[in-house]
Amino acid sequence: MAKNKSRDLASDIIDAVREGTKKWTRTVKAEERSPASRAYRAQRMTRERGVQFKEAAAEIMEEAYLKASGNGQLPANARQIMYAARRHIQQRTGKQLEPNYFTQTLLPDYVNENDVDWDVVYDARGHFGEPHGGNSFGIGTLDVRNYLAGFNDPSFIDAGFSQGKVETKGPSGSFGAVLFIEKEGFDPILKAAQIANKYDVAIMSTKGMSVTAARELVDQMCHDHDVPLLLLHDFDKAGFSIAGTLQRDTRRYEFQNSIEVIDLGLSLADVEAMGLESEYQHHPKGRRDVLEENLRTNGASEEEIAFMFRDFGTLKSTRRVELNAMTSPQFVAFIERKLKENGVTKIVPEQELLAEIYTGMERGRRLEEAAEDLEKIDMEDFEPPKD
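Some details on helix α3 (residues 53-69)
Taking 1.5 Å per residue as the helical rise, α3 with its 17 residues ought to reach 24 Å, and the 22 Å between its terminal C-alpha atoms agrees with that figure. The largest bend along α3 measures about 50 degrees and falls at I60. Taken together, the buried positions of α3 are occupied by F53, A56, A57, I60, M61, A64, Y65 and S69. Packed against the buried residues of α3 are β1 (76-77), α4 (78-93), α5 (99-114) and β2 (120-121). Phi turns positive one or two residues past the end of α3, at G70, with a value near 65 degrees.

Observations regarding the packing of helix α10 (residues 237-245) against helix α12 (residues 288-297)
Put simply, α10 and α12 touch, their axes get as near as 9 Å, and they point 40 degrees apart. Relative to α12, α10 is oriented oblique. Considering only the axes of α10 and α12, their crossing is left-handed. Across the interface between the two elements, K237, F240 and S241 from α10 touch L291, N294 and L295 from α12. Within the contact of α10 with α12, the residues separate by chemical class into 3 nonpolar, 2 polar and 1 charged.

Considering the nonpolar core
Inside soluble globular proteins, nonpolar side chains tend to come together where they are buried. Judged by nonpolar contacts, the single largest core of 38 residues is most densely connected at I181, I195, L232, F235 and I335. Once residues within four sequence positions are removed from consideration, I181 is found in contact with F186, L190, I203, M204, S205, T206, L232, L323 and F331. If you look at the next biggest cluster of nonpolar residues, it comprises 27 residues, including F175, F180, C222 and F255.

Quick word on the pairing of strand β10 (residues 261-265)
Alignment of strand β9 (residues 229-232) against β10, held across 4 bridges, turns out to be parallel. Counted as the bridge partner of L231 is D263 from β10. Running through α10, the crossover from β9 to the neighbouring parallel element β10 is right-handed.

Notes on the environment of V344
Within the fold, V344 resides in the loop between α15 (328-341) and α16 (351-375). For V344, a relative accessible area of 10% translates into the label buried. It is 8.1 Å that separates the C-alpha atoms of V344 and V201, two residues lying 143 residues apart in sequence.

A short note on unusual backbone geometry
For residues other than glycine, phi is negative in most cases, and the peptide bonds are mostly trans. Note the cis peptide between G265 and L266, where omega equals 10 degrees. Take L266: it is sitting in the loop between β10 and α11 (268-274). For D115, which is not a glycine, the phi torsion comes out positive at approximately 50 degrees. Relative to the helices and strands, D115 is located in the loop between α5 and β2.

Describing the pattern of salt bridges
Using the criterion set out here, one finds 19 salt bridges in the structure. For E59, the salt bridge goes to R92, with nearest N and O atoms at 2.9 Å. You can see E59 sitting in helix α3 and its partner R92 sitting in helix α4, a full 33 residues away along the chain. The partly exposed category is assigned to E59, whose relative accessible area is 42%. The class of R92 is partly exposed, set by a relative accessible area of 37%. Put simply, E292 and R288 hold a salt bridge, and the shortest N to O gap is 2.8 Å. With E292 and R288 both in helix α12 and 4 residues apart, this pair spans about one turn of that helix. You can call E292 buried: its relative accessible area is 13%. One network of salt bridges, in which partners are shared, links D234, D236, E279, R320 and E322.

Parameters at a glance
Residues numbered from 1 in each chain as written. Predicted model: local features only at pLDDT ≥ 70, side-chain atom pairs only at ≥ 80, totals over all residues. Heavy atoms only, no water. Helix = DSSP H or I, 4+ residues; strand = E, 2+ residues; numbered from the N terminus. Expected span 1.5 Å × (residues − 1). Bend = angle between axes of the 7 residues up to and from the residue. Buried < 20%, exposed > 50% of the residue type's maximum accessible area, 1.4 Å probe, protein only. Contact = heavy atoms within 4.5 Å. Axes fitted to C-alpha atoms, helices over the stretch in contact; angles between N-to-C directions. Parallel < 35°, antiparallel > 145°, perpendicular 65-115°, else oblique. Left-handed = near helix turned anticlockwise from the far one by under 90°. Nonpolar A, V, L, I, M, F, W, Y, C, P; charged D, E, K, R; others polar. Core = buried A, V, L, I, M, F, W, Y, C linked by side-chain atoms within 4.5 Å. Pairing = 2+ DSSP bridges. Right-handed = clockwise from strand over helix to strand, strands pointing away. Salt bridge = Lys/Arg side-chain N within 4 Å of Asp/Glu carboxyl O.

Remember that the coordinates give geometry; whether it matters functionally is a separate question.
What follows is the structure, encoded as structure tokens:
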């Protein structure tokens with residue numbers, strides 16, 4: 001009997017040791033895979049307050065910008081500044097610096113709080129395209145800056161030995177509205193349905209939250225040319241946030257002008273009218289009051305908020321409906337109905353310009369005929385010089 005008790009006691013001790021060291025074993029293995037996590041553990045276990053990211057960034061930010069920009073002679077990409085500052089920040093804090101945290105938080109906050117006049121540019125994270133095969137570019141700082149600087153009225157490029165063409169850049173004579181879609185995967189559907197050409201709308205899309213370059217573009221263009229901005233987004237917290245940042249001031253961007261913004265949806269009414277399927281989006285650490293207030297700030301109605309949070313108490317999840325829940329025919333019909341409801345129609349140029357283009361196109365047609373006649377010239381009796 002004593003022998004069995006001894007065996008049970010030994011097993012209990014072994015089990016207790018294994019259970020007690022389980023977390024430590026996982027920690028050691030994690031540090032073997034990622035040595036940087038060792039410094040993070042040491043930082044967490046010390047009682048002394050270490051240097052924070054913001055403090056370390058402030059120490060090096062100006063030096064990093066000057067290094068990246070060639071002492072201010074050229075624009076500097078936000079990630080270039082991050083690379084110039086990263087080593088100092090990581091050494092001072094003893095922690096890994098996430099690139100997005102630097103480019104989207106530390107750098108913009110430093111620029112705003114210190115009111116520095118730096119030429120910082122960001123990579124394109126979206127796309128803008130004019131109708132009728134016009135200008136198309138990625139929505140980055142320099143791309144937007146160059147596009148805004150080159151606006152002109154429609155002009156006719158006269159024919160040479162090929163047909164003449166109309167050249168446009170900007171809204172004038174080209175498009176009367178900008179359709180913003182929060183994601184980029186719908187381009188093939190929009191092109192197949194000829195939405196841009198049928199309704200003379202420019203189509204703009206971004207990957208997730210709109211970048212400051214996108215806001216700068218619509219801020220200036222929509223105001224100067226009296227062009228409405230039409231928003232198309234998912235029916236969820238992120239969708240309302242994306243719509244909100246394109247029509248109100250934020251920490252990252254303050255609008256200089258008042259522009260007309262029309263929210264096309266998705267709304268709860270759209271979801272119910274089309275019978276679209278909802279899904280759950282989990283918020284494990286989200287506070288309901290904070291999430292609800294964010295939705296109100298970005299334009300969601302109380303009825304829409306109630307729909308999203310119906311099961312939040314038990315599941316810690318909100319209900320959401322994506323644009324992708326529509327079939328392609330539904331999506332096209334939805335857009336066309338919304339454009340018509342909001343009075344989006346074709347752009348008709350002035351009569352003088354139409355007459356000029358008509359005459360120029362006829363001249364091009366006659367030149368093409370003349371060129372075809374020249375190709376028929378008989379060269380059989382012609383011989384090149386023997387030398």
